[in-house]
Amino acid sequence: MPAQILLNILIAVLWASFQDEEGIYVTTLMTGYVIGLVLIFSFRRFFPKEFYMWKLWSITKLLFIFIRELISSSILVIRQILRPRLNITPGIFKLETELSTDWEITFLAMLLMLTPGSVVMEISAEGNVLYIHAMDIPESQNRVIATKNSFEQAIMEVTR
């Protein structure tokens, strides 16, 4: 992937330097970058890794999933706080994951902890079970499970 990005930037710079212009303009560089994308996509079977824009798309998708989950869980926490009577049942539950590498599991744990209302307390020695403290077990447990499923899929797309 880094080789494809560097090659694409090189094509963009070469494109801009071969133009008959007084200086290097951003539009010329962007045109060269798009031409480089087309060339690299055309010759993608000659590279050992997949086309790098697919990986960038997966990273962008993961970022949008995280932002959506952060906003929705923040609204949930605000709703809980603004209630006249605090009606929550905090607790700990076990959550199994399909992720296998340490990096994937750590990334999932960090994403789950950044969403308000849940904290990953411990990860099992095998790495496939997370113990999570939730602010409101009946409501938060289902939400964390749904969040985990969407994060798991997106993390697998990014790392594999």
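Please refer to the structure placed before this passage.
What comes next concerns the included structure. (Residues numbered from 1 in each chain as written. Predicted model: local features only at pLDDT ≥ 70, side-chain atom pairs only at ≥ 80, totals over all residues. Heavy atoms only, no water.)

A closer look at the environment of Phe-107
Then, in step 1: Among the secondary structure elements, Phe-107 is positioned in helix H4 (residues 102–114).
Then, in step 2: C-alpha separation for the pair Phe-107 and Ile-155, spaced 48 residues apart in sequence, amounts to 8.0 Å.
Then, in step 3: With near-sequence residues (within four places) excluded, Phe-107 lies in contact with Leu-62 and Ile-155. (Helix = DSSP H or I, 4+ residues; strand = E, 2+ residues; numbered from the N terminus. Contact = heavy atoms within 4.5 Å.)

With respect to the pattern of salt bridges
Then, in step 1: Taken as a whole and assessed by the stated rule, the structure comprises five salt bridges.
Then, in step 2: In this structure, the salt-bridge partner of Glu-50 is Lys-55, at a minimum N-O distance of 3.6 Å.
Then, in step 3: For Glu-50, a relative accessible area of 42% translates into the label partly exposed.
Then, in step 4: Given the relative accessible area of 14%, Lys-55 is considered buried.
Then, in step 5: Glu-152 is the salt-bridge partner of Lys-148, the closest N and O atoms lying 3.6 Å from each other. With a gap of four residues between them, Lys-148 and Glu-152 both fall in helix H5 (residues 137–159), about one helical turn apart.
Then, in step 6: Residue class for Glu-152 comes out buried when judged on its relative accessible area of 3%. (Salt bridge = Lys/Arg side-chain N within 4 Å of Asp/Glu carboxyl O. Buried < 20%, exposed > 50% of the residue type's maximum accessible area, 1.4 Å probe, protein only.)

Here's the deal with the nonpolar core
Then, in step 1: With 22 residues, the main nonpolar core has Leu-62, Phe-93, Leu-108, Leu-112, Ile-132 and Phe-151 as its most contacted residues.
Then, in step 2: Elements with a minimum of two residues in this core: helix H3 (52–82), strand S1 (91–96), H4, strand S3 (129–134) and H5.
Then, in step 3: Looking at this core, the element that brings in the most residues is H5, giving seven residues.
Then, in step 4: Excluding its chain neighbours within four sequence positions, the residues that come into contact with Leu-112 are Leu-95, Ser-118, Val-120, Ile-132, Val-144, Thr-147, Lys-148 and Phe-151. (Core = buried A, V, L, I, M, F, W, Y, C linked by side-chain atoms within 4.5 Å.)

Some thoughts on the packing of H3 against H5
Then, in step 1: With their axes 8 Å apart at the nearest point, H3 and H5 run at an angle of 165 degrees to one another. If you check the angle between H3 and H5, you find them roughly antiparallel. Crossing hand, H3 versus H5: left-handed.
Then, in step 2: Here the contact of H3 with H5 is composed, by residue class, of nine nonpolar, eight polar and seven charged. (Axes fitted to C-alpha atoms, helices over the stretch in contact; angles between N-to-C directions. Parallel < 35°, antiparallel > 145°, perpendicular 65-115°, else oblique. Left-handed = near helix turned anticlockwise from the far one by under 90°. Nonpolar A, V, L, I, M, F, W, Y, C, P; charged D, E, K, R; others polar.)

A few points about H3
Then, in step 1: If you check H3, its first and last C-alpha atoms are 45 Å apart, about what 31 residues at 1.5 Å a residue would give, namely 45 Å.
Then, in step 2: Restricting attention to buried positions, one finds in H3 the residues Tyr-52, Lys-55, Ser-58, Leu-62, Ile-65, Phe-66, Glu-69, Ser-73, Leu-76, Val-77 and Gln-80.
Then, in step 3: As for H3, its buried residues are in contact with helix H1 (2–18), helix H2 (26–42), H4 and H5. (Expected span 1.5 Å × (residues − 1).)

Quick look at the environment of Leu-114
Then, in step 1: Within the fold, Leu-114 resides in helix H4.
Then, in step 2: Looking at Leu-114, the relative accessible area reads 52%, which means it is exposed.
Then, in step 3: In the structure, Leu-114 is positioned 30 residues away from Val-144 in sequence and 12 Å away in space, judged by C-alpha atoms.
Then, in step 4: In this view, Leu-114 contacts Phe-66 and Leu-70; residues no more than four positions away in its chain are not counted.

Geometric descriptors of this kind do not, in isolation, establish any biological role.
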